[in-house]
Amino acid sequence: MSNIRVRFPPSPTGFLHLGTARTAIFNWLFARKEKGVFVLRIEDTDPTRSKKEYETAIMEDLLWMGLKWDEGPDIGGSYAPYRQSERFAIYQEYAQALLKENKAYECFCSADYLEKEREEALVRGAIPRYNRRCRELSNAERVGLMEKGIVPAIRIKTPLQGEIIVEDIIRGNLTFAYQDLDDFIIQRSDKTPTYNFAVVIDDYLMKITHVIRGEDHLHGNTPRQIVVYQELGWNTPYFGHLPMVLGKDKSKLSKRHGAMGVHEYREMGYLPQSITNYLALLGWSAGDERELFDLEELIRVFDLSRVGKSPAIFDDEKLRWVNHYHISNLNEKEIFDISLPYLIRTDYQVDKNDNRLRKLISSIKSSLHRLEELPARIRFYFKSPELFSISPSEREVLDGVRKDVSLWKEDFSFDEANNFLNDLSQKLGLPKKGYLPLIRKTLTGEEKGVELNIIISSLGRDKVLERLDAILTNHEKQ
RNA sequence: GCCCCCAUCGUCUAGAGGCCUAGGACACGGCCCUUUCAAGGCCGCGGCAGGGGUUCGAAUCCCCUUGGGGGUACCA
């Protein structure tokens, strides 16, 4: 194992989103590729928005995709705890240290005051930055404010001059001016840490070597976090900012773009390997013309240096196609097992040992884009069709067919059924389209769908006979 | 507004100065296969944002413009 360590730090304020999942995939692939360690850390510093159920749901979705972590809140690890809410004392300790070294200071400004300042700045067209009025408070002033009962927040002292260079392994060197940053808060007045502070402390303490995350962190968070590293006297990890994933409207992918949760895609019948495959393709390519991979292959071909810089628009159509590919690649047992829940939830009576059903599903898998399409496609297998009336000439055709079928000693294979269907042309003296649509309608009630020979073979002699008889006797009654 | 980033077919991308009359994939269109719907096979449509440089030579390097995105919290 190399000493490369990456982390995936979701905030449990909602279900795992496709955009977030992609970040997890890139981190995980990088870790596996480099034989490093993948850490799961829960960023629940905001107690009002964080929920335990989301934490559980996120972990389930990660596992479903096949992304197992080496260290995390549930399994522990050398740098536990892995839940930020359990690390508050640590953050406070470092905040105090910065205070003591005069690298941070207490700020007594009220939220209201700050809000008003910001609005005014916006109106003036100025940059809404904190005016640093508490930065040089005298001791006496501080004591005075304390005595008034005001609980201070802690702000870090950002250098007034100079610039920050972010060395990004995906984008190269980027420059930011300290002047565009302000003295941001590292510890709220309720003693909880802010994101940019907690992250730095954790990444450092957890010995994270590569911070790979979305570009949305690049312009605001990364420079601020570098300030924290510097004030603490720590070396920064390597940073790599992935290009954003955008929705059809070209804005950052979010709930506004409809169902974008991993779980929802799972429900629709997307395979985990389809999700990881497609998401890996957003912002990354193998360099040659291959683009269909399962997880293991992805590890082999993945290369962080092949990640691009420009944002990618999420394309549902292509995901569909990728899923179609992976479904086609499933073997008979796999596709059957994974299909069962979709059939059961459609209230079909499913027998888990039904070999014929198993063969049927396997034989039509390549026509599916999502598993949720399956029930409608093989409805004929579970439900008898509605009766309909036929003409005298149609009756003759079905009679002929019936006679033949009744001679079968056993059920037909796909090939045998096919031959049977073809031979009918001779016997009936009709072209195929003169009788095949009628047989289809009789057996399934539909005019289109699965190949007839598969239908006949799957239904078996008795059911075929039964459905022919149903139409025939219905005709007699009229 | 200010700061930062990005820029090849509608979309995802290959392309790291001559291999490019720009390659692949999705989508789309046509044809074939086929009782039908899918699937599949074949063919096709379609792009280097614009303008300046640098160079014998630029999709590739530089600058400007334009366009798009992201960030501007006691959210993460």
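A quick note: this is a predicted structure, and the numbers were derived from the prediction, not measured.

Enquirer: Explain the overall build of chain A to me, please; I cannot follow it from the model alone.
Expert: Looking only at helices and strands, chain A has 19 helices and 11 strands in total. Here chain A has a C-alpha radius of gyration of 32 Å; the compact-globule value for 478 residues is 23 Å, and the former is much larger. Projected onto its principal axes, the C-alpha positions of chain A cover 105 × 45 × 40 Å. Out of the 478 residues in chain A, the part that is buried amounts to 49%. Contacts in chain A between residues far apart in sequence, at least 24 positions, make up 75% of those at least 6 positions apart. Accessible area for chain A stands at about 23,500 Å²; split by element, carbon and sulfur atoms hold 48% of it. Counting 69 positive and 73 negative side-chain charges, chain A places the centres of these two groups 1 Å from one another.

Enquirer: What is the right way to read empty space enclosed by the protein from this model?
Expert: To find the voids left in a structure, one rolls a probe of water-molecule size over its atoms. On inspection of all chains with the given rule, the structure shows one cavity of 30 Å³ or more. Put simply, the largest cavity is a space of about 30 Å³. Forming the boundary of the largest cavity are Val401, Val405, Trp408, Phe420, Ile439, Leu443, Ile456, Val464 and Leu468. If you tally residues by element for the lining of the largest cavity, the top one is helix H19 (residues 452–477), at three residues. Partitioning the lining of the largest cavity into residue classes produces nine nonpolar, no polar and no charged.

Enquirer: Hey, could you run me through unusual backbone geometry in this one?
Expert: Leaving glycine aside, a negative phi is the common case for residues, and trans is the common case for peptide bonds. Note the cis peptide between Ala80 and Pro81, where omega equals 0 degrees. Even without being a glycine, Lys35 presents a positive backbone phi close to 55 degrees. Checked against the element boundaries, Lys35 lands in the loop between helix H1 (18–33) and strand E2 (37–40). Of note, the phi angle at Asn102 is positive, near 65 degrees, even though the residue is not glycine. Summarising the element assignment, Asn102 is placed in the loop between helix H3 (88–100) and strand E3 (104–107).

Enquirer: What should I look at first to understand the protein's contact with RNA strand B in this one?
Expert: Residues in contact with RNA strand B amount to 64 residues; listed here are only the nearest, Arg188, Lys252, Gly283, Glu291 and Gly449. Separating a phosphate oxygen of RNA strand B from a backbone N or O atom of Ile313 is a distance of 3.0 Å. Within the side chain of Trp321, one N or O atom sits 3.3 Å away from a phosphate oxygen of RNA strand B. Elements with a minimum of two residues in the surface near RNA strand B: helix H4 (111–124), strand E4 (153–156), strand E6 (172–177), strand E11 (312–313), helix H11 (316–328) and helix H18 (436–444). When residues in the surface near RNA strand B are grouped by element, the largest group, four residues, is from H11. Each residue belonging to the surface near RNA strand B can be placed in one class, and the counts come to 20 nonpolar, 19 polar and 25 charged.

Enquirer: What is the right way to look at the sheet that holds strand E7 (residues 185–187) in this model?
Expert: The strands that make up a sheet are held in pairs by hydrogen bonds between backbone atoms, and each pair lies either parallel or antiparallel. With respect to topology, three strands assemble into an open sheet ordered E3-E4-E7, the strand pairing being antiparallel. The open sheet has two edge strands with one neighbour each: E3 and E7. In this sheet, neighbouring strand axes are inclined to one another by 45 degrees on average, regardless of whether the strands run parallel or antiparallel. Judged from the four bridges that link them, E3 and E4 form a sheet pairing that is antiparallel.

Enquirer: Explanation requested: the packing of aromatic side chains in the structure shown.
Expert: Throughout the structure, instances matching the rule amount to 15 aromatic pairs. A ring pair is formed by Phe88 and Tyr91, whose centres lie 6.3 Å apart and whose planes are at 55 degrees; its orientation type is tilted. With Phe88 and Tyr91 both in helix H3 and three residues apart, this pair spans about one turn of that helix. When its relative accessible area of 1% is taken as the criterion, Tyr91 is described as buried. A connected cluster of aromatic rings, assembled from ring pairs, spans Phe26, Trp284, Phe293 and Phe302. Over the ring of Tyr130 we find Arg155, and its NZ or CZ is 3.5 Å from the ring centre. Lys463 extends its terminal NZ or CZ atom over the ring of Tyr381, reaching a point 5.6 Å from the ring centre.

Calculation notes
Throughout this document, residue positions are counted from 1 along each chain, in the order its sequence is written. Both sets of labels track the order of writing: A upward for chains, 1 upward for ligands. Note on the predicted model: pLDDT of at least 70 is required for a residue's local features to be given, and 80 or more for side-chain atom pairs to be given and counted; whole-chain, interface and lining totals, by contrast, use all residues. The side-chain numbers reported here are obtained from all heavy atoms of the structure, hydrogens and water having been left aside. Starting at the N terminus, helices and strands are each numbered in turn, a helix being any DSSP run of H or I of at least four residues and a strand any DSSP run of E of at least two. Radius of gyration: over C-alpha atoms. The globule rule applied is 2.2 Å multiplied by the number of residues raised to the 0.38 power. Only protein chains enter the area calculation, which uses a 1.4 Å probe; residues under 20% of their type maximum are buried, those over 50% are exposed, and those in between are partly exposed. Between two residues, a contact is recorded if the distance between any of their heavy atoms is within 4.5 Å. Methods summary: accessible areas were calculated by the Shrake-Rupley approach with a probe of 1.4 Å, and residue burial reflects only the protein chains presented. Within this scheme the basic residues Lys and Arg register as positive and the acidic residues Asp and Glu register as negative, but His and the chain ends are omitted. To locate a charge, take atom NZ for lysine, CZ for arginine, CG for aspartate or CD for glutamate. Put simply, the grid is 1 Å and covers the protein atoms alone, a cavity is a trapped set of points that fit a 1.4 Å probe, a pocket is an open set with protein on both sides within 12 Å along at least five of seven lines, and lining residues have an atom within 4 Å of a point. Grid points are joined across faces, edges and corners, and a volume is the space filled by probe spheres set on the points. Gly is put with the polar residues, along with every residue not named as nonpolar or charged; the nonpolar set is Ala, Val, Leu, Ile, Met, Phe, Trp, Tyr, Cys and Pro, and the charged set is Asp, Glu, Lys and Arg. What makes a residue near a molecule or strand is one non-hydrogen atom of that residue sitting within 4 Å of it. Definition of a polar contact: a pair of N or O atoms within 3.5 Å, with one able to donate and the other able to accept a hydrogen when the atoms are protein atoms, and with sequence-neighbouring residues admitted only if both atoms are side-chain atoms. Note: two strands are recorded as paired if DSSP finds a minimum of 2 bridges between them. Angular values range over 0 to 180 degrees, each being the angle between N-to-C directions of two axes fitted as lines to C-alpha atoms, with helices fitted over their stretch in contact. Any two of the Phe, Tyr and Trp rings considered here, Trp counted by its six-membered ring, make a pair once their centres fall within 6.5 Å; the pair's planes then place it as stacked at under 30 degrees, edge-to-face at over 60, or tilted in between. Two conditions define a charge located above a ring, namely a distance within 6 Å from the ring centre to NZ of Lys or CZ of Arg, and an angle within 35 degrees of the ring normal.

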